[in-house]
Structure formats: C-alpha cells, structure tokens
Amino acid sequence: PPPSLLPQRTYIFTFLLSSRVFIHPHELLAKVGQICIKQKQQLETGTEAEKAKLKSFAAKIIQLLKEWTETFPYDFQDEKSMKELKEIAHRITQCDEENGTVKKIISQMTQNLLMALSARSQYQEIGEKFRQPVTDKGTILKTKPQSTQKDILSVCCDPLILAQQLTYIELERVSNIYPEDLMQIVSHMDSLDNHKCRGDVTKTYNLEAYDNWFNCLSMLVATEICRVVKKKQRTRMVEFFIDVARECFNIGNFNSMMAIISGMNLSPVARLKKTWSKVKTAKFDVLEHHMDPSSNFCNYRTALQGAAQRSQTANSNREKIVIPVFNLFIKDIYFLHKIHTNRLPNGQINFKKFWEISRQIHDFLIWKQVECPFEKDKKIQSYLLTAPIYSEEALFIASFESEGPENHMEKDSWKTLR
C-alpha cells in the first residue's frame, strides 16, 4: 500500500484486535452496517458532490472489510456475521454501481474468506492427539535389549538437519495461531465483563497445542538421554542435543532451543554427574547464557531483537526466520495487560495499552508468515512427533538405572520409585 495508507492499516489492525475485549465482533459488524444505511440515506440526494462523497465512503468501507476478513477470518464463521457482511457488501456495491472493480473486489474478498475459513476448520478437525508419556515400569526398566530400540541418532545424526526439521514443525504450528487467539489472553482474564465471547474454547486450543509441543520436545530430549545405558553413548547424546540447540539458535528458532535446554535441565538429566563430567560444556554454557532468566531474559531479548532486524532486511526465507520463545511471548502480553488498565480514569479506552499489545502481536504475525525454506523429512518428523516419551517418574527410574543414587535424598526417592 502507498505510505499514506500505512498508519491507517496499523490503526485498523489495532482497532479490530482490541475491540473484541469490549464488544463481540458480530455487534461491531452490525454497527458498521447501521452506519452504511445512514450514510447512504444522507448522501443519496444526488448532487455530484454528494455522489463523490458516497464513492469515497464506499472505498473506505471496502478497505475496512478487506482488512477485517483477511486478518480475522474467524470473526465471520457464524451465519449471522456472514449474512451481515453480504448485506453491507450489497449496499456498498449500490453506492458505486457503474464501477465494475467494486464488484470484483467484493467477490474476491468473499472467496478468500471462505477459503480461509475452510482451511481453519480442517485444521481444527485433525486436532492434535496429545502424546501420553510412557509410564509402564516394565518398558522402562530396560526389559528390551538396547540394540533393538531406535533412538534419535539412528534416525538423524546431523544436528543441522534436525534443527531444520524442528523449525519446519515450529513454523507449521505457529501458522495455526491467529491474532484473536492471542487476544484471548487479554479477554479471558477480565471476568468483570461477562458479556465477552468467552464460550469459544477452540480459540485457546491452538495455543495449548503449541505449548504441548514445547513440553513434548523437552521430555523427548530428556528421554533420549536417560534411556541410553552406556555412559560414552549418553555423553554423545548430550553433546548432540547441545549442537542441535546451537543450530536452532543460529536459524532463529528460539522456541525449540529453549525446549531442548529445558529438557537438559530437568533433574533426571541434570543429576547425571558422571555423564556431564565428560561433556564439553563450553558450548552448553553459551546456550545457558543466551537463555539466562536474569533481568527478565535480557540476553535472549537482545538475540531476539537481532534476529528480528535480520529478518526485516533479509532477501531469503532462510534469513527471515524468527520463532520466539512462545511462553515468554505470551507472558509479555499478559504482563502488559496486567499492569495497564483497559480504561483511563476519564472512562475512555486506554488506546496506548492496546497499541503496544497489538504492535507485539503484529510482529508475531509477520514472523509466522515466513515460508519454511527446508524440505520436509517425513521419517525424522514422524520420530520427533511420535517417539515414546517417559513420564517424570519413568525418567527418574531410567536416570537412577544409569547412574545410581548419590546421597540420602536420592536413595530415598529411588526406593520409593522401585
């Protein structure tokens, strides 16, 4: 769009995103419909000046509807909203009847909207079968000879390729998160306004599925390390995951990187002193430094900013990738929501607050639209998404089997577990 329209677009996005905290999207659409009827009646007197005004009014409404249907297609999923949209479109076409492009724009807009809606409902139906951790003690206590068990290294031993496949999965998940899903974080919290569109559980479903993926990846990393019997191979496994996390960092995939580090910091893995003593930990220290939580993850935020700047000037999709640590991203929005009120003391809406929230969500939207530059490897992805993961209890059992308990506390928990 020409620069003159840019502030307007940002404003429309902020307005449509924030309005749902105060009014149901369907009610807002109905209000737009009322304005159309009024304007049409006022300007239909027929003078040339009035006709010109009507045309420019029609153009503005079309721009609003286009932005609305493209950015928030889900607002139109119920029949009431669809009917309202069609009625407004019909009125707008009458405002500028001899102009064939208006008709074209509107029919294209409706077509795109229907496609977006059917794509979303398909994803919803597939659903995510959440992986359940393996808890059966028999399976865990190494009943199978080790050689018959597949591990991640037998599927992919190149850290760069694994990092690329993780990034592919991340981008696929992220593409199913929409701005209004993120706005639920703000709407859900305000139990005061009970008229909110809170009935829609599916909206947070995408966020939960994504969060679940993070946890599964952490547990998978811990499982892969704890179930290796030989110390030398276990050391190799730890170093492999350190390299994978480093490659994720270089790509700009901070979410997978954080999940891998979290998995290595789980107690069953962290307690394997003999294994860690053999690991070249310098690389791990660098990763820990990037993800150091002090000063509100200051180091990570600097790295994220660097990746975001690289993304803006990038020529290839490869350099455009930015996948933030999702639960930190969510916490930031929640924090912005918590420390600022929705309304100013004079009763007006606190636009500055919503402008800031929408700016962060807008960045996320730009990142999630990056096309993945890596080819999908079905075998590796299938392993990452379906390989058995141990429950926390199972991890401890496997960990104690690998390196016996060190102190009284560990001896007690080992006893209890057995």
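Everything numeric in this text was worked out from a predicted model, so none of it was measured.

Colleague: Pulling in residues and values, what's your account of the overall build of the protein chain?
Modeller: For the protein chain, the helix and strand inventory stands at 22 helices and zero strands. In the protein chain, which comprises 418 residues, the share counted as buried stands at 49%. For the protein chain, restricting intrachain contacts to residue pairs at least 6 apart in sequence, the fraction spanning at least 24 positions comes to 79%. Carbon and sulfur atoms make up 55% of the accessible area of the protein chain, which totals about 21,800 Å².

Colleague: Pulling in residues and values, what's your account of the packing of aromatic side chains?
Modeller: Counting across every chain of the model gives 16 aromatic pairs. Ring centres of phenylalanine 254 and tyrosine 300 lie 5.6 Å apart, and the angle between their planes is 80°; on these two criteria the pair is classed as edge-to-face. Taken together, the residues phenylalanine 254 in helix H12 (residues 254-265) and tyrosine 300 in helix H16 (residues 294-313) connect sequence positions 46 residues apart. Pairing phenylalanine 400 with tryptophan 414 gives two aromatic rings, centres 5.4 Å apart and planes at 45°, and the pair type is tilted. Placement of phenylalanine 400 in helix H21 (residues 392-402) and of tryptophan 414 in helix H22 (residues 408-417) is noted, with a sequence separation of 14 residues between them. Like phenylalanine 400, the residue tryptophan 414 is buried in the burial classification. Within the aromatic cluster, the residues linked to one another by ring pairs are Tyr11, Phe15, Phe351 and Trp355.

Colleague: Go over the state of the cysteines, please, and point to the residues and values.
Modeller: Applying the stated rule across the entire model yields zero disulfides. Of all cysteine sulfurs, the one in cysteine 157 lies closest to cysteine 156, which takes part in no disulfide; the gap is 6.4 Å. Looking at cysteine 156, the relative accessible area reads 5%, which means it is buried.

Colleague: An account of unusual backbone geometry is requested, with residue identities and associated values reported.
Modeller: Positive phi outside glycine occurs at serine 295, with the angle close to 50°. Inspection of the secondary structure puts serine 295 in helix H16. With a phi close to 50°, asparagine 296 is a non-glycine residue in the positive phi region. For asparagine 296, the position within the fold is in helix H16.

Colleague: Describe the environment of alanine 89, listing the residues and the values that go with them.
Modeller: The residue alanine 89 is located in helix H4 (residues 79-95) in this model. Given a relative accessible area of 9%, alanine 89 falls into the buried group.

Colleague: Explain the pattern of salt bridges residue by residue, including any values.
Modeller: The tally for this structure, following the rule as stated, stands at 12 salt bridges. In this structure, the salt-bridge partner of aspartate 75 is arginine 20, at a minimum N-O distance of 2.9 Å. In this pair, aspartate 75 sits in the loop between helix H3 (48-71) and H4 while arginine 20 sits in the loop between helix H1 (6-19) and helix H2 (25-43), placing the two residues 55 residues apart along the sequence. There is no split in this pair, since aspartate 75 and arginine 20 are both buried. Of the charged contacts, one joins lysine 83 and glutamate 87 as a salt bridge, the two residues approaching to 3.8 Å between their closest N and O atoms.

Colleague: Lay out a nonpolar patch on the surface in plain terms, naming residues and giving numbers.
Modeller: A cluster of nonpolar side chains, contributed by Tyr11, Phe15, Phe351 and Trp355, occupies part of the molecular surface with about 370 Å² of accessible area. Of all the secondary structure elements, the ones that give two or more residues to the nonpolar patch are H1 and helix H19 (351-368).

Colleague: Residues and numbers for the packing of helix H11 (residues 231-251) against H12, please.
Modeller: For the pair H11 and H12, the least separation of the axes is 8 Å and the interaxial angle reads 155°. By the criterion of interaxial angle, the relationship of H11 to H12 is roughly antiparallel. Seen from above, H11 lies across H12 with left-handed handedness. Across from Val238, Phe241, Ile242, Val244, Ala245, Cys248 and Phe249 in H11, the residues of H12 making contact are Phe254, Ser256, Met257, Ile260 and Met264.

Colleague: For helix H18 (residues 326-339), give the residues involved together with the corresponding values.
Modeller: An ideal rise of 1.5 Å per residue puts 20 Å on 14 residues; H18 measures up with 20 Å between its terminal C-alpha atoms. All of the buried residues along H18 are Phe326, Leu328, Phe329, Ile330, Ile333, Leu336 and His337.

Colleague: Lay out the packing of helix H8 (residues 159-174) against H11 in plain terms, naming residues and giving numbers.
Modeller: At their nearest, the axes of H8 and H11 sit 8 Å apart, and the two run at 55° to each other. Taken together, the axis directions place H8 and H11 in an arrangement best described as oblique. The chirality of how H8 crosses H11 is right-handed. Every residue of H11 that contacts H8 at Pro159, Leu160, Leu162, Ala163, Gln164, Leu166 and Thr167 is listed here: Phe240, Asp243, Val244, Glu247, Cys248 and Ile251. Residues that form the contact of H8 with H11 fall into these classes: nine nonpolar, two polar and two charged.

Colleague: Kindly report on H16, identifying the contributing residues and their values.
Modeller: Over its 20 residues, H16 runs 30 Å from end to end, which matches the ideal 28 Å to within 8%, given 1.5 Å per residue. In the structure, H16 departs most strongly from a straight axis at arginine 301, where the bend amounts to approximately 35°. Among all positions of H16, only Phe297, Tyr300, Ala303, Leu304, Ala307, Ala308 and Ser311 are buried. Against H11, H12, helix H15 (282-290), helix H17 (317-320), H18 and H19 lie the buried residues of H16.

Colleague: Break down the nonpolar core for me, with residues and values.
Modeller: Within the largest apolar cluster, 118 residues are counted, with the highest numbers of intra-cluster contacts made by Leu182, Phe254 and Met264. Sorting elements by how many residues they give to this core places helix H10 (residues 202-226) first, with 12 residues. If you count residues domain by domain, this core takes at least three from each of domain 1 (3-123) and domain 2 (136-417). The contacts of phenylalanine 254, once residues within four sequence positions are left out, are Phe249, Met291, Tyr300, Ala303, Leu304, Ala307, Ile323, Pro324 and Val325.

Colleague: Could you give me a rundown of the side chain of lysine 368, with the residues and numbers involved?
Modeller: Positionally, lysine 368 belongs in helix H19. Buried and unpaired, lysine 368 has no salt bridge, with aspartate 181 as the nearest side chain of opposite charge at 7.0 Å. A distance of 2.6 Å separates a polar atom in the side chain of lysine 368 from the backbone oxygen of isoleucine 177. Once residues lying within four places of it in the same chain are set aside, the contact partners of lysine 368 are Val174, Ser175, Ile177 and Tyr178.

Criteria and cut-off values
Residues numbered from 1 in each chain as written. Predicted model: local features only at pLDDT ≥ 70, side-chain atom pairs only at ≥ 80, totals over all residues. Heavy atoms only, no water. Helix = DSSP H or I, 4+ residues; strand = E, 2+ residues; numbered from the N terminus. Buried < 20%, exposed > 50% of the residue type's maximum accessible area, 1.4 Å probe, protein only. Contact = heavy atoms within 4.5 Å. Areas by Shrake-Rupley, 256 points an atom, 1.4 Å probe, with all protein chains shown as cover. Phe/Tyr/Trp six-rings, centres within 6.5 Å; stacked < 30°, edge-to-face > 60°. Disulfide = S-S within 2.5 Å. Salt bridge = Lys/Arg side-chain N within 4 Å of Asp/Glu carboxyl O. Patch = residues over 30% accessible without salt bridge, like charges linked within 9 Å, V, L, I, M, F, W, Y side chains within 5 Å. Axes fitted to C-alpha atoms, helices over the stretch in contact; angles between N-to-C directions. Parallel < 35°, antiparallel > 145°, perpendicular 65-115°, else oblique. Left-handed = near helix turned anticlockwise from the far one by under 90°. Expected span 1.5 Å × (residues − 1). Nonpolar A, V, L, I, M, F, W, Y, C, P; charged D, E, K, R; others polar. Bend = angle between axes of the 7 residues up to and from the residue. Core = buried A, V, L, I, M, F, W, Y, C linked by side-chain atoms within 4.5 Å. Domains from an automatic or database assignment. Lys, Arg positive; Asp, Glu negative; His and termini not counted. Polar contact = N/O pair within 3.5 Å; in protein donor to acceptor, adjacent residues only side chain to side chain.

None of this, on its own, says anything about what the molecule does.
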